[in-house]
There are 2 protein chains.
Amino acid sequence: MDEAALVKTALFGDQVSGGEPPPPRPDPYARNCPTRLLLDRIGDRWTVLVLGLVCERPRRFNSLRRDIEGLTQKMLSQTLKAMERDGLIARTVLPTAPVSVEYAVTPLGRTLCDTLEGLQRWARDHIGDVQRAQRRYDETR
Amino acid sequence: MDEAALVKTALFGDQVSGGEPPPPRPDPYARNCPTRLLLDRIGDRWTVLVLGLVCERPRRFNSLRRDIEGLTQKMLSQTLKAMERDGLIARTVLPTAPVSVEYAVTPLGRTLCDTLEGLQRWARDHIGDVQRAQRRYDETR
DNA sequence: CAGCATCCAGAGCGATACTG
DNA sequence: CAGTATCGCTCTGGATGCTG
């Protein structure tokens, strides 16, 4: 299937490469569009929340675990690993007595965090509207 | 019955209910924090993309279907319904020959779209950095 | 054209137990 | 403290076929 190949290979060789004059379609909504790639990474339930906390100040594993309600150890572990892989946070092992690990935001992570702040503000300001809309919709069923 | 579309939103019936005095903690990361509620709604694979297109100009069903690569009819249908419920888009049936339906952004939806634009810009500008970080990480395994 | 119904594979995630 | 490993369920979402 060409689609499989497309997803795997064209990732960033994207529309920047190629000698094509005008791309047949601009494809802002192609499988490999940056927005989609980003959403695949931060669209999960925990990444944004963890990033928010780590952005405030470096954090330890169990500190994060405690502060995010409902976040299990497994998911935190998994989330942190993925974020480190994405270059959003940096992991540092401190040579203390029972070993402690610190997670700090990277410069790249911080730029994302700044951007996400707009989203968080929108959520605070408008989630009420959304919920009202939902109730209204549900009533007319 | 496709119950998946209407994910039961205990949303605010959660801890907002009841007659509890003052929340012992401010809980910016509680289960019902606005950011989490928002992410639960737009964190899926399609909502943001659909919103982006509908924001440009009102769109018809199959128009959206064609322009978003890989989007199936089922998911588009599901996504549109949820977005309408959330008050982000409005659905209008036009009395044409073979019936056509238009989806237009609402004022609320537009404010969200404006906010999301920051995200899309970040994605365009930094997704390359993320991918480079991933490769670097994977190589050191 | 604009959907709905059904089937089911796989991802996501919580619960639990164990380790250095 | 900071994780890893495994099990099993739920939910997402793709494929396919049908309707007004």
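What counts and how
Residues numbered from 1 in each chain as written. Chains lettered and ligands numbered in written order. Predicted model: local features only at pLDDT ≥ 70, side-chain atom pairs only at ≥ 80, totals over all residues. Heavy atoms only, no water. 1 Å grid on protein atoms, 1.4 Å probe; cavity = no way out; pocket = protein on both sides within 12 Å on 5 of 7 lines; lining within 4 Å. Points joined across faces, edges and corners; volume = space filled by probe spheres on them. Helix = DSSP H or I, 4+ residues; strand = E, 2+ residues; numbered from the N terminus. Nonpolar A, V, L, I, M, F, W, Y, C, P; charged D, E, K, R; others polar. Least-squares fit on C-alpha atoms with pLDDT ≥ 70 in both. Axes fitted to C-alpha atoms, helices over the stretch in contact; angles between N-to-C directions. Parallel < 35°, antiparallel > 145°, perpendicular 65-115°, else oblique. Contact = heavy atoms within 4.5 Å. Pairing = 2+ DSSP bridges. Near = heavy atom within 4 Å. Polar contact = N/O pair within 3.5 Å; in protein donor to acceptor, adjacent residues only side chain to side chain. Buried < 20%, exposed > 50% of the residue type's maximum accessible area, 1.4 Å probe, protein only. Buried area = accessible area lost by both parts, 1.4 Å probe. Salt bridge = Lys/Arg side-chain N within 4 Å of Asp/Glu carboxyl O.

## Some remarks on empty space enclosed by the protein
Evaluated as defined, the whole model comprises two cavities of 30 Å³ or more. In this structure, the largest cavity encloses a volume near 60 Å³. As for the largest cavity, its lining consists of L39(A), I42(A), G43(A), V48(A), L116(A), L119(A), L39(B), I42(B), G43(B), L116(B) and L119(B). Elements supplying a minimum of two residues to the lining of the largest cavity: α2 (34-42) and α6 (107-139) of chain A together with α1 (34-42) and α5 (107-139) of chain B. A class-by-class count of the residues in the lining of the largest cavity yields nine nonpolar, two polar and no charged. Considered as a void within the structure, the second largest cavity measures approximately 40 Å³ in volume. Along the walls of the second largest cavity sit W122(A), I127(A), V130(A), L38(B), R41(B), I42(B), D86(B), L88(B) and L112(B), which together make up its complete lining. Contributing elements (two or more residues each) for the lining of the second largest cavity: α6 of chain A together with α1 of chain B. Residues that form the lining of the second largest cavity fall into these classes: seven nonpolar, no polar and two charged.

## Notes on the relation of the copies chain B and chain A
Take chain B, turn it by 180 degrees, move it 0.0 Å along the axis, and it overlays chain A with an RMSD of 0.1 Å. Both copies of the chain, as the preceding transformation shows, are related through a two-fold rotation axis. If distances are taken from each C-alpha of chain B to the rotation axis, the shortest is found for G43(B), at 2.2 Å.

## Quick look at the packing of helix α5 (residues 73-85) of chain A against α5(B)
Close contact between α5(A) and α5(B) brings their axes to 8 Å; oriented N to C, the two are set at 110 degrees. The orientation of α5(A) relative to α5(B) falls into the category roughly perpendicular. Side by side, α5(A) and α5(B) meet where K81(A), E84(A) and R85(A) of the first sit next to A133(B), Q134(B), Y137(B) and D138(B) of the second.

## Focus: the pairing of strand β2 (residues 89-94) of chain A
Residues and elements named next belong to chain A. Pairing analysis gives six bridges linking β2 to strand β3 (residues 100-105), with the strands arranged antiparallel. Within β3, the residue paired with T92 across the bridge is E102. Taking the residues that link successive antiparallel strands as the turn, the β2-β3 hairpin has five residues, and the phi of V99 there is positive, at about 60 degrees.

## Considering the sheet that holds strand β1 (residues 59-60) of chain A
All names here are of chain A. With respect to topology, three strands assemble into an open sheet ordered β1-β3-β2, the strand pairing being antiparallel. At either margin of the open sheet sits one strand with a lone partner, and together these are β1 and β2. Pairing geometry for β1 and β3, over two bridges, is antiparallel. Residue pairing across strands places R60 opposite E102, the latter belonging to β3.

## Observations concerning unusual backbone geometry
Here the phi dihedral of V99(A) falls at roughly 60 degrees; this positive angle occurs in a residue that is not glycine. Along the chain, the position of V99(A) falls in the loop between β2 and β3.

## Let's talk about the protein's contact with DNA strand D
R60(A), Q73(A), R91(A), Y103(A) and K74(B) are the nearest of the 19 residues found near DNA strand D. Of all DNA strand D atoms lying within 4 Å of any protein atom, the proportion belonging to sugar or phosphate reaches 65%. Between R60(A) and DNA strand D, the recorded distance is 2.5 Å, taken from a side-chain N or O atom to a phosphate oxygen. Mapped onto the surface near DNA strand D, the elements with two or more residues apiece are α4 (61-67), α5 and β3 of chain A together with α4 (73-85) of chain B.

## Quick look at the sheet that holds strand β3 (residues 100-105) of chain B
Reading across from one edge, β1-β3-β2 (chain B) is the order of the three strands in this open sheet, with antiparallel pairing throughout. Edge strands, defined here as strands with exactly one partner in the open sheet, are β1 (59-60) and β2 (89-94) of chain B.

## Focus: the side chain of Q120(B)
Topologically, Q120(B) is positioned in helix α5. For Q120(B), a relative accessible area of 18% gives the class buried. Ignoring anything within four residues of it in the chain, the contact list for Q120(B) reads T35(A) and V48(B).

## Side note on the interface of chain B and chain A
Listed as interface residues are 56 residues of chain B and, on the opposing side, 54 residues of chain A. Buried surface at the junction of chain B and chain A, both sides included, amounts to about 5000 Å², of which 65% is carbon and sulfur. Between chain B and chain A we count four salt bridges in total. When the shortest N-O distance is used, the salt bridge between E69(B) and R31(A) registers 3.6 Å. The set of elements that each furnish at least two residues to the side of chain B that touches chain A consists of α1, α2 (47-56), α4 and α5 of chain B. The biggest single contributor to the side of chain B that touches chain A is α5(B), with 21 residues. For the side of chain B that touches chain A, the per-class residue count stands at 25 nonpolar, 14 polar and 17 charged.

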